[in-house]
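Residues per chain are reported as follows:
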Amino acid sequence: MDSSLYKAAMKGNIGDGDFLHVLLKKDEEAGYKVTPKGNNVLHVAALYGHTHFAQKVLTIMPSLLRHQNKKKETALHIAANEGHTEVVRVLLICKLGEANIEHLNLIIQMRDGVGDTALHKAVRNQHIDVVKLLVKQDPDFQFQANNAGKTPLYLSAETGFHDALLEILVSCNTPTYMGPCLRTPLHAAIINRYTDCAKSLWEWNRCLCEEADKWGWNSLHYAVKLGLKELVCDMLGWNKSLAYHPAGSENDWTTTFHIAAQEGHVDMMEELLKHCPDCWEMLDSRDQNVLHVAILSNQIEVTKFLLLFPEFDKLVDEADIDGNTPLHLRAASGNYVPELVYHPKARITPLNEELLSPNEMNSKDQPKHKGEKVTRDVKVQQREEKKDKTLIENILRATQIHVIVATLIVTVTFAAGFTLPGGFESNPGPNEGTPILIRKSAFKAFVVADVIAFVCSAGAVFSYFAMAANASFFQHVNAVSCLYMLATTLQLFGMAALVIAFITGMYATLAHSVALSVVVSIIGCISFLIYSSMLYVTFDWKALRPLFE
């Protein structure tokens, strides 16, 4: 596009005399030059909201009104998107010859690259004045859905643009309302909790609440799920049979009462019972009643509410498709609900498909039954025994290296106990054979640390011996695991004590050189940092926790 023409359109400058006319004719002769986005001069004027400039351009070249940019947007799309009401008004009153009205209606109906009309743009950006102009231009046009399956009416409900929704309902004779996934605008308003939009749609067409979406859920199902009590009351007051419509597919569905229980909405359950006193008897696709669902969803308050009424006692021992009653499910989940645990029917509940009572499902020592139950228990026991055997073998494999280390520490500390640093008094007298450095604190610390290292390592060796004996004769995995942890702990303490013995021994013998003894001690302490980092990286402490339980 010519730079002079672009600047004039951007600033809305029509100039003096024939300035704009000359520029437009020059642009026409050049083949209607456009911006990199494909916008012509009218697009640019609409973008910046220059009403007078757009009007002048349309007077000279009205055909520009139908031109589309690279996104297939007309100037009307852009003006509606930006909310430039007066520009939209000028575009709508443009004179296009004898078929003026028909041409304008076609322009209103034109779609951009994503299927949006100008009304879609205005609704999405919530420009109510633009919406009013567009819907009144052609009341008979239905404004079909865009590529995403959304009509302007659906968009209004989805975004909570109540004023636009009312304008469309009042001004359009037959607005198209279906949205994506077979959802209606009422679905969209309820799901997004726009109750004002939902009420207006309800008053406009009450039958909308009966239409199910792709997943088999109608508007009442969503209203119950979200706890929108006022809307639920209105819908049930109009048609209480809605409460009996299943939600879901042919093979996997639930009921409105089940939805309320699953979400923990006791007030919704009360509202449903008020209009449909027998809805508590409904079952879902797995033959589960509402008490089953309340327990599976861990809705304690719903469970207590249901058990308040004697007429609901039938729910307690009613079996589902697997033969499980709510009592079975409670026992399996471990949830403690006194009202259910001590219910009179808890003692006489029948066995489920696996021949288990609720108490047996909650017990670690379940009795054996005939048939498939015995086979299943044998297989489970075999798997556990194989798992225990594998664990024992892995532990024994690891101890082969540990025993070597522990034995080496025992040997070193034993030898150090008889070859003390500094030597012994060799002169005849009462102190003959006494360690020369016995009065030094560092020497005393060396002796204590050496003894600790010897005792811990010897204890580790003995633990490995006991571990091997248990693995050979008794095969007790818990005992082997505990002995392994004890031996490992003793060995770690022994190694730490060995390092301390080395540091204190060197310090005692190098006491006359303070600097050297301090350097040796610091270097020796680095080993503790190495041990700590290795333990942090290699040990899975969470995995070892069960061994102590």
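Bear in mind the structure is a predicted one, so any value in this text is a computation, not a measurement.

Engineer: I tried to follow the overall build of the protein on my own but got confused; where do I start?
Structural biologist: When helices and strands are tallied, the protein shows 27 helices and two strands. With 549 residues in all, the protein has 42% of them scored as buried. Counting only contacts in the protein whose residues sit at least 6 apart along the sequence, the fraction spanning at least 24 positions is 69%. Looking at the protein as shown, the accessible area adds up to about 29300 Å², and 58% of this sits on carbon and sulfur atoms.

Engineer: For this particular structure, what's the right way to read the packing of aromatic side chains?
Structural biologist: The geometry of two aromatic rings is summed up by the distance between their centres and the angle between their planes. If you walk through the whole model with that rule in mind, you get nine aromatic pairs. With 4.6 Å between their ring centres and 70° between their planes, phenylalanine 141 and phenylalanine 143 make a pair best called edge-to-face. A residue is classified by how much of its surface remains accessible, and phenylalanine 141, at 15% relative accessible area, is buried. On the basis of an interplanar angle of 40° and a centroid distance of 6.2 Å, the ring pair of phenylalanine 443 and phenylalanine 446 is categorised as tilted. Of this pair, phenylalanine 443 and phenylalanine 446 both sit in helix H24 (residues 441–473), separated by three residues, roughly a single helical turn. Here phenylalanine 443 and phenylalanine 446 have matching classes, each one buried. Through pairs of rings, three or more aromatic residues link up here, namely Trp280, Phe305, Phe309 and Phe312.

Engineer: Just to check I follow, could you spell out the UniProt feature "repeat: ANK" (unreviewed entry) in the protein for this structure?
Structural biologist: When the UniProt feature table is mapped onto this chain numbering, "repeat: ANK" (unreviewed entry) sits at residues 71–92 and 114–146. As annotated, residues 71–92 comprises 73% helix and 0% strand, and the C-alpha atoms at either end are separated by 21 Å.

Engineer: Can you walk me through the UniProt feature "transmembrane region" (unreviewed entry) in the protein in this structure?
Structural biologist: UniProt's feature table lists "transmembrane region" (unreviewed entry) at residues 401–424, 445–466, 478–503 and 515–539, given in the numbering used throughout. In this annotation, residues 445–466 is assigned 100% helix and 0% strand; the end-to-end C-alpha distance for the span is 31 Å. The annotated region residues 478–503 carries 100% helix and 0% strand content, and the separation between its end C-alpha atoms amounts to 38 Å.

Engineer: Even after reading the chapter, I still don't get the packing of helix H14 (residues 219–226) against helix H16 (residues 256–263), so can you show me in this structure?
Structural biologist: For any two helices packed against each other, one specifies the inter-axial angle together with the distance between the axes. Look at H14 against H16: their axes get within 8 Å of each other, and the N-to-C directions meet at 20°. Considered as vectors, H14 and H16 are oriented roughly parallel to each other. Handedness of the H14/H16 crossing: right-handed. Along its contact with H14, which presents Leu220, His221, Val224 and Lys225, the element H16 presents Thr256, Ile259, Ala260 and Glu263.

Engineer: Could you clarify how one ought to interpret the confidence of the model for the protein in this entry?
Structural biologist: Keep in mind that low pLDDT regions are not for reading the predicted coordinates in detail. Of all residues in the protein, 80% attain a pLDDT of 70 or more, and the chain-wide mean is 82. Contacts for the low-pLDDT stretch residues 363–375, under 50 throughout, to residues beyond four places or in other chains number 14 contacts. Every residue in residues 541–549 is under pLDDT 50, and counting partners more than four places away or in other chains gives seven contacts.

Engineer: How should the pattern of salt bridges be read in this particular structure?
Structural biologist: A side chain with one charge can pair with a side chain of the opposite charge if their charged atoms come near. All chains considered together, the criterion is met by 13 salt bridges. A salt bridge links glutamate 73 to lysine 121; the shortest N-O distance between them is 3.0 Å. Taken as a pair, glutamate 73 in the loop between helix H4 (51–60) and helix H5 (75–82) and lysine 121 in helix H8 (residues 118–124) lie far apart in primary sequence, 48 residues in all. In terms of burial, glutamate 73 and lysine 121 fall into one category: buried. For lysine 136, the salt bridge identified is with glutamate 167, shortest N-O distance 4.0 Å. Of this pair, lysine 136 sits in helix H9 (residues 128–137) while glutamate 167 sits in helix H11 (residues 162–171); the two residues are 31 residues apart in sequence, bridging distant segments of the chain. Among the residues examined, lysine 136 registers a relative accessible area of 54% and is labelled exposed. Judged by its relative accessible area of 14%, glutamate 167 falls in the buried class. Shared partners join several salt bridges into a network, and the residues in it are Glu73, Asp112 and Lys121.

Engineer: Any chance you could explain a nonpolar patch on the surface here in plain terms?
Structural biologist: Taken together, the side chains of Phe414, Phe418, Val447, Val451, Phe454 and Val455 define a hydrophobic patch exposed on the protein surface, amounting to about 550 Å² of accessible area. For the nonpolar patch, the leading source of residues is H24, giving four residues. In this fold, valine 447 is placed in helix H24. Classification of valine 447 by relative accessible area gives partly exposed; the value is 32%.

Criteria and cut-off values
- Residues numbered from 1 in each chain as written.
- Predicted model: local features only at pLDDT ≥ 70, side-chain atom pairs only at ≥ 80, totals over all residues.
- Heavy atoms only, no water.
- Helix = DSSP H or I, 4+ residues; strand = E, 2+ residues; numbered from the N terminus.
- Buried < 20%, exposed > 50% of the residue type's maximum accessible area, 1.4 Å probe, protein only.
- Contact = heavy atoms within 4.5 Å.
- Areas by Shrake-Rupley, 256 points an atom, 1.4 Å probe, with all protein chains shown as cover.
- Phe/Tyr/Trp six-rings, centres within 6.5 Å; stacked < 30°, edge-to-face > 60°.
- UniProt positions renumbered as here; feature names shortened; annotations may be inferred.
- Axes fitted to C-alpha atoms, helices over the stretch in contact; angles between N-to-C directions.
- Parallel < 35°, antiparallel > 145°, perpendicular 65-115°, else oblique.
- Left-handed = near helix turned anticlockwise from the far one by under 90°.
- pLDDT = per-residue confidence, 0-100.
- Salt bridge = Lys/Arg side-chain N within 4 Å of Asp/Glu carboxyl O.
- Patch = residues over 30% accessible without salt bridge, like charges linked within 9 Å, V, L, I, M, F, W, Y side chains within 5 Å.

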